[in-house]
Amino acid sequence: MNNKKELLKLRTLRPTDKMMNMAANDAPIMKPLPWSRKSYVNVYKHSIFMRCQILNGIMKIALFMTEYMRFGSKEPLYEIFIDYENEQFITYDCKKKKWSEAMLSNLSFPGAYEHYSERKIYINPEGKKSIKNHLKVKTGDFKGIVEYQTRIRKIQLDKKHKRITDPWDEDLSQIPALPKDWDKWVQRVGITDHYIFYKYERNGAKEGFCTRCGKTVPIKNAQNGKVDTCSCCRKPIQYKSYGKMGTFFSSKEEFVYLIQKCRDGFVTREFSVQIKFKKNEDTKPQYRCFEFRRCIYENFDKARAYYWGDFKHKETRWVSSFVCSNHSIMNVGKIYGKTLCGIPQLKRTGMLEMIRHSEKIDPEVYIAIYKDRPYMERIAKAGLYQLCLDFIDRNNHYYYYADKLINGEATNGELHKLLQIDKQLLKRLRSANGGIAFLEWLQYEKARNKCISDKTISWFTDNYIKPDSIKFITDRMSENKICKYMKQQMLLSKEKAKFILDTWQDYLEMAKRLNINVAQEINYKPRYLVDKHNECIEKIGSADTARAANEISAQYPDVDNICLSIVDKYQFAGEKFTVVVPKRIEDILEDSNELSHCVSRSPDRYFERIQNRESYILLLRKSNNLDKPYYTLEVEPNGTVRQTRTKHNTQGKDIKEIKDFLIAWQKEISKRLTENDMLLGCKSNELRLQEYRELRDNKAIIRAGTYQGKLLADVLEADLLINNRRCS
């Protein structure tokens, strides 16, 4: 159907006189649309007329709309060309002068709202017979054409899909058959969770079915859920009573792998395995082994993967897939070992050593990671199996920075240099079968020339404690003593190691803020750590506040002393309000956290100003409730009030009364200010004006809250309360 010009030269089909008369006499009836009772449509006895003829081996079908024919039009709406010998069809839109490969059922017919199977079509008997005979369909009308086109579409789609699937099937034809003992290996080795099923007896069950042995074995003292050893195969099992198991039982899903030599190289085959039991069907459990993934390797850089799944919503079959990368999810499982000796590519990966050590791995992910971390071969062959597992296990939190522990310049040198330790430490690592966490502690030991026992390192790694997490105390205690002290505190508090470590660090930070001498053993190593920690919280407010204050104090070391130095100068009590000067960073943080305003959100800006004596933070309280935060003030050294803010950076209804009080406060403190305070105030005034200019130049707008949409400079300037009084 490629020669469209020749198709258009075929004789044009016009409606017969009989068709024109039928259309002229077909008076429409107005009927409401099904989805809208307010809209109506013309319904005809025959909405479409059709003519059909065979011209030069091509079946040409013309479709006419009754609505147009009533006005004398003899032009077809569509012309369908069918090459029934070559099983092809195409449609010409006579109004738009365009070609379409759409099926007849998908063409648009103006005013014809019925489904194509319900449309009232007229076609002359000769045309109906021709369609039925040539197209081999049930009816020679509209539905017959749709039936034919649907059949052709399916044939075309099958051919298209076959062009896709044939290369896959050809590629997969090289997959060898399963080993003869595969099912037995899966049952005994591949599945690692095994059970003994037994029937309850009043005097105790005497025998049960072992899923590993695959046979009935004698049992004693069986109890549902109890873990024991099979008397026959001597392997760990769990007892399962038929009566307490329910109608259905299935063990957890496990994965097993088969690696085989094939034409292009080798293939990894992944299976899902489970033990299933259905009561009332069979007294013995069934073993489910389902293959769902294959990956063919020509070499490690060239691979093709397939999975068993849905293909185009048409069938379930092997479908091309992506090859696992070093970021893919791992499905670790046992690997069948008897087929590995004939695959030379695996000898240089370390995978064979891992398999011989009976470790569960995902070979496809292992190969992907091996390409990025080729040193895994040397680690595995050195017997460092746990370390190798950590290098390929993405669920291990050490995985992502493991490369930092490797000396990239020594990949071809001695192994201890690669791992950045010495030979003696390498022996300890191998003896303990240590992973990345253990290696990091050995590197830490070597770097600091310390001696840490393997028992201590193992305890740290078992409790997920890294060297960096104890650096806050290593200047006063050895690692072995830290371990011993933490164990004691865990016994006293019944808490986990991570909690003890965090509590210890928080306590020391709070103790510093409370001027406790943490260089003394009695203070840095209290007998009851949690109790001491709670005592500090009562004094200081909270551990978070202490931690934040410690960070601020390290960056702005003069803030505490400055606050203490201005207490007598700026503190003032009135009948209703009192200005309180904070004595520590914590006082400012607790006030700002309670009121949730900008001091807590942008602490650096305000504490930098205090450090430079550009402005101070003062606290406004009600005189009858001095402990409750009310307003926070930002004040310049000369008494000018920059900001007066309460909760969420707002001002209350009593702001006018507060400003009147602050004017009285300015009058009082002006008597206490020195000439140096006034000089600092002049500098502060210049910096404030410069800040306002920059905010206006940048058109800084408040994005949320009460002042949303206003210029920040305008809001700050409106809040300003200048002190023009000279000091006495």
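Structure first, text after, so check above.
Conventions we followed
- Residues numbered from 1 in each chain as written.
- Predicted model: local features only at pLDDT ≥ 70, side-chain atom pairs only at ≥ 80, totals over all residues.
- Heavy atoms only, no water.
- Helix = DSSP H or I, 4+ residues; strand = E, 2+ residues; numbered from the N terminus.
- Rg over C-alpha atoms; globule rule 2.2 N^0.38 Å.
- Buried < 20%, exposed > 50% of the residue type's maximum accessible area, 1.4 Å probe, protein only.
- Lys, Arg positive; Asp, Glu negative; His and termini not counted.
- Charge placed at Lys NZ, Arg CZ, Asp CG, Glu CD.
- Disulfide = S-S within 2.5 Å.
- Axes fitted to C-alpha atoms, helices over the stretch in contact; angles between N-to-C directions.
- Parallel < 35°, antiparallel > 145°, perpendicular 65-115°, else oblique.
- Left-handed = near helix turned anticlockwise from the far one by under 90°.
- Contact = heavy atoms within 4.5 Å.
- Nonpolar A, V, L, I, M, F, W, Y, C, P; charged D, E, K, R; others polar.
- Pairing = 2+ DSSP bridges.
- Salt bridge = Lys/Arg side-chain N within 4 Å of Asp/Glu carboxyl O.
- Core = buried A, V, L, I, M, F, W, Y, C linked by side-chain atoms within 4.5 Å.

Asker: Looking at this structure, how should I read the overall build of the protein?
Answerer: Helix and strand content of the protein: 27 helices and 25 strands. Over its C-alpha trace the protein gives a radius of gyration of 43 Å, far above what one expects of a compact globule, namely 27 Å for 728 residues. Counting only C-alpha atoms and orienting by the principal axes, one finds that the protein spans roughly 120 × 85 × 65 Å. Here the protein holds 728 residues, and the buried ones make up 48% of them. Taking the 129 positively charged and 95 negatively charged side chains of the protein as two groups, their mean positions are separated by 7 Å.

Asker: Hey, could you run me through the state of the cysteines in this one?
Answerer: Linking two cysteines covalently through their sulfur atoms gives a disulfide. With the rule as written, the count across this model stands at zero disulfides. Looking at Cys 232, it has no disulfide partner, and the nearest cysteine sulfur is the one in Cys 213, 4.0 Å off. Relative accessible area serves as the criterion here: at 40%, Cys 232 is assigned to the partly exposed category. Residue Cys 324 stays outside any disulfide, its sulfur separated by 7.2 Å from that of Cys 295, the closest cysteine. Overall, Cys 324 belongs to the buried group, its relative accessible area being 14%.

Asker: Would you mind showing me how to read the packing of helix 16 (residues 497-513) against helix 18 (residues 529-540) here?
Answerer: Their axes nearest at 9 Å, the elements helix 16 and helix 18 cross at an angle of 45°. Relative to helix 18, the element helix 16 is oriented oblique. Our pair here, helix 16 against helix 18, has a crossing hand that is left-handed. Contacts from Phe 499, Ile 500, Thr 503, Trp 504, Asp 506, Tyr 507, Met 510 and Arg 513 of helix 16 reach helix 18 at Leu 529, Val 530, Lys 532, His 533, Cys 536, Ile 537 and Ile 540. Among the residues making up the contact of helix 16 with helix 18, the classes are represented as 10 nonpolar, two polar and three charged.

Asker: In this structure, what is going on with the sheet that holds strand 21 (residues 572-573)? I would like to understand it.
Answerer: Whenever strands of a sheet pair, they do so through backbone hydrogen bonds, lying parallel or antiparallel. Here five strands make up an open sheet; going across it, the order is 21-22-23-24-25 and the pairing antiparallel. In this open sheet, the two edge strands, each paired with only one partner strand, are strand 21 and strand 25 (641-645). Bridging between strand 23 (residues 616-622) and strand 24 (residues 631-635) involves five bridges; their strand directions are antiparallel. In the sheet register, Leu 620 faces strand 24, and the bridge partner there is Tyr 631. Against the sheet, helix 25 (residues 655-669) makes contact with strand 21, strand 22 (577-580), strand 23, strand 24 and strand 25, and its axis sits at roughly 55° relative to strand 22, the strand it touches most.

Asker: How do you make sense of the side chain of Lys 240 when you look at a structure like this?
Answerer: Counting through the fold element by element, Lys 240 comes out in strand 13 (residues 236-241). Summary of buried charges: Lys 240 has no salt-bridge partner, and the nearest side chain of opposite charge, Asp 193, is 10 Å away. When neighbours within four sequence positions are excluded, Lys 240 is seen to be in contact with Tyr 195, Ile 196, Phe 197, Tyr 198, Asn 224, Met 245 and Phe 249.

Asker: Quick question: what am I supposed to make of the nonpolar core here?
Answerer: Looking at soluble globular proteins, one finds that nonpolar side chains tend to be buried together. One finds Tyr 366, Leu 419, Leu 429 and Trp 504 to be the most contacted residues of the largest nonpolar core, which totals 85 residues. Ranked by the residues each element gives to this core, the list is headed by helix 16, at eight residues. Counting 40 residues, the second largest nonpolar core, distinct from the first, contains Ala 549, Tyr 556, Val 581 and Ile 588.

Asker: Can you help me understand the pattern of salt bridges in this one?
Answerer: It is possible for side chains of opposite charge to pair when their charged atoms get near one another. The full count for this structure, using the stated rule, is 47 salt bridges. With its nearest N and O atoms 2.7 Å apart, the salt bridge here joins Arg 294 to Glu 291. Neither residue differs from the other here; Arg 294 and Glu 291 are each classed as buried. As a salt-bridge pair, Asp 475 and Arg 476 come within 3.1 Å of each other at their nearest N and O atoms. Take Arg 476: its relative accessible area is 23%, and that puts it in the partly exposed class. The network of salt bridges with common partners includes Glu 170, Asp 171, Arg 263, Asp 264, Glu 298, Lys 302 and Arg 304.

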